[in-house]
Amino acid sequence: MAQLNSAGNDRPVNSRKRRGVMRMVKHNLRVDMTPMVDLGFLLITFFVITTEMAKPTVMDLYMPKDGKPMPLGQSNALTILLDNNKMYYYNGEWAEAVSSGAVIETSLYGKGGLRKVIGEKFLQLDISAKNKEGRQGLMVLIKPGRNAFYKEVINVLDEMT
């Protein structure tokens, strides 16, 4: 007679595999980063477009008008001469400065540089009570020579600000 298996499977009766105990199946985890990268690029684009990199600063530049020269108070005048990587300055009128030897060479930077010269001129104008303007009355004339470089003029204008 044929043997009946009440377990209902095709395995032989004396099989050693236990029923009810299953192994845990491990799946490989894969995270799709495409949406995160898209969001990152959208944020970067948004902030680059909406952010101002640097606001340009503007300095008032007064150019002389054509015609008769305008008189200028000599105590308020500081003239800067630029020529071939050299810088000179004098106070007042040219003829008076040359005759007294008051045309002085300076540099743009350093201890005796242009900033110190302007600071001393500010102090001189603050101390002398000849005019009400004080340091606001300072008139700086920048005169580049034929051999002056454009970079020198821009550096002096930057130092003036």
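Look above for the structure.
Thresholds, definitions, all that
- Residues numbered from 1 in each chain as written.
- Predicted model: local features only at pLDDT ≥ 70, side-chain atom pairs only at ≥ 80, totals over all residues.
- Heavy atoms only, no water.
- Salt bridge = Lys/Arg side-chain N within 4 Å of Asp/Glu carboxyl O.
- Helix = DSSP H or I, 4+ residues; strand = E, 2+ residues; numbered from the N terminus.
- Buried < 20%, exposed > 50% of the residue type's maximum accessible area, 1.4 Å probe, protein only.
- Lys, Arg positive; Asp, Glu negative; His and termini not counted.
- Contact = heavy atoms within 4.5 Å.
- Pairing = 2+ DSSP bridges.
- Axes fitted to C-alpha atoms, helices over the stretch in contact; angles between N-to-C directions.

### Description of the pattern of salt bridges
Using the criterion set out here, one finds one salt bridge in the structure. A salt bridge links Arg115 to Glu159; its shortest N-O distance comes to 2.7 Å. Of this pair, Arg115 sits in helix 3 (residues 114–127) while Glu159 sits in helix 4 (residues 150–160); the two residues are 44 residues apart in sequence, bridging distant segments of the chain. Of the residues examined, Glu159 reaches a relative accessible area of 14% and is grouped as buried.

### Some thoughts on the side chain of Lys121
Inspection of the secondary structure assignment puts Lys121 in helix 3. It turns out Lys121 is buried and unbridged, and the closest side chain with the opposite charge, Glu120, is 10 Å from it. Residues within four places of Lys121 in sequence aside, it is in contact with Ser75, Asn76, Ala77, Asn91 and Leu138.

### Points about the pairing of strand 2 (residues 86–91)
Note that strand 1 (residues 77–83) and strand 2 share six bridges and pair antiparallel. Bridge assignment links Leu81 to a residue of strand 2, and that residue is Tyr88.

### Considering the sheet that holds strand 1
With mixed pairing, four strands are arranged side by side in an open sheet as 3-2-1-4. Edge positions in the sheet fall to strand 3 (104–106) and strand 4 (139–144), since each has one partner strand and no second. Each adjacent strand pair in this sheet contributes to an overall mean axis angle of 30°, direction not counted. Relative to strand 4, strand 1 runs parallel, the two sharing six bridges. Bridging across to strand 4, Ile80 finds its partner in Ile142. On the sheet, helix 3 packs against strand 1, strand 2 and strand 3 and is oriented at approximately 165° with respect to strand 1.

### A closer look at the environment of Lys121
By relative accessible area, Lys121 is classed as buried at 3%. Through-space distance from the C-alpha of Lys121 to that of Ser75 is 9.4 Å; in sequence the pair is 46 residues apart.

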